[in-house]
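A look at the structure
Next come the chains, spelled out residue by residue.
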Amino acid sequence: MPRSRKLRICLLLLGWTPCAVVAQVSLKQAPGVDKVTQHCTICHSAAIITQSRASREGWLAMIRWMQDSQGLWPLGPDEPAILDYLEANYAPERSSRRKPLNVVFDSEQS
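Note that the structure is a prediction, hence the values are computed from the model and not measured. (Residues numbered from 1 in each chain as written. Predicted model: local features only at pLDDT ≥ 70, side-chain atom pairs only at ≥ 80, totals over all residues. Heavy atoms only, no water.)

Observations regarding the overall build of the protein
Regarding its fold elements, the protein presents five helices and zero strands. Along its sequence from the N terminus, the protein presents helices and strands in the succession α-α-α-α-α. With 110 residues in all, the protein has 20% of them scored as buried. Put simply, of all contacts in the protein between residues at least 6 apart along the chain, 60% involve residues at least 24 apart. With the model as given, the accessible surface of the protein reaches about 8,900 Å², and the carbon-plus-sulfur share is 57%. (Helix = DSSP H or I, 4+ residues; strand = E, 2+ residues; numbered from the N terminus. Buried < 20%, exposed > 50% of the residue type's maximum accessible area, 1.4 Å probe, protein only. Contact = heavy atoms within 4.5 Å. Areas by Shrake-Rupley, 256 points an atom, 1.4 Å probe, with all protein chains shown as cover.)

Some details on the nonpolar core
Where a protein is soluble and globular, its nonpolar side chains tend to be buried together. Of all hydrophobic cores here, the largest spans 16 residues; its most connected members are L27, V36, I49, W59, Y85, L86 and Y90. Where this core is concerned, the elements lending two or more residues are α2 (33–40), α3 (46–50), α4 (56–69) and α5 (79–89). It is α5 that provides the largest number of residues to this core, a total of four residues. In this view, L27 contacts V33, V36, T37, T41, A46, I49, T50, Y85 and Y90; residues no more than four positions away in its chain are not counted. (Core = buried A, V, L, I, M, F, W, Y, C linked by side-chain atoms within 4.5 Å.)

Considering the pattern of salt bridges
Per the stated rule, a full pass over the model turns up five salt bridges. R53 is paired through a salt bridge with E93; the nearest N and O atoms lie 3.4 Å apart. Within this pair, whereas R53 is found in the loop between α3 and α4, its partner E93 is found in the segment after α5, the two being separated by 40 residues in sequence. The exposure class of E93 is exposed, given its relative accessible area of 60%. Shared partners join several salt bridges into a network, and the residues in it are R56, D84 and E87. (Salt bridge = Lys/Arg side-chain N within 4 Å of Asp/Glu carboxyl O.)

Remarks on the state of the cysteines
Applying the stated criterion across every chain yields a total of zero disulfides. With no disulfide of its own, C40 lies closest to C43 among cysteine sulfurs, the gap being 8.6 Å. Owing to a relative accessible area of 17%, C40 belongs among the buried residues under this scheme. (Disulfide = S-S within 2.5 Å.)

Quick look at the packing of α4 against α5
Orientation of α4 relative to α5, taken along the N-to-C sense of each, is 130 degrees, at an axis distance of 9 Å. Looking at the two axes, α4 sits oblique to α5. For the pair α4 and α5, the crossing hand works out as right-handed. Across the interface between the two elements, R56, W59, L60, I63, R64 and Q67 from α4 touch E79, P80, I82, L83, D84, L86 and E87 from α5. Residue classes in the contact of α4 with α5 are distributed as seven nonpolar, one polar and five charged. (Axes fitted to C-alpha atoms, helices over the stretch in contact; angles between N-to-C directions. Parallel < 35°, antiparallel > 145°, perpendicular 65-115°, else oblique. Left-handed = near helix turned anticlockwise from the far one by under 90°. Nonpolar A, V, L, I, M, F, W, Y, C, P; charged D, E, K, R; others polar.)

Structure, rendered in structure tokens:
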């Protein structure tokens, strides 16, 4: 077996593929993104933010949880700007689906 083929097989077994692409998630560019980057992405990736949607109260609760249990420092005067940014750009999305119907089957009627 040629050496280059052995090398390719070894690399594939180790999980490397020549076309592997690492997706880099970036935050929406808007006022406050610099403060979020400065305080938040030091400890975790931007993907944690982009996949977590919450109301302002929900974001504040997450921040307090991180401060109480994960060692997040006080955000001080940057906290309102961070909350403004998160609320404006990563609030819960509205669903275009209707709510489920409340169906009563014959066997459930009394």
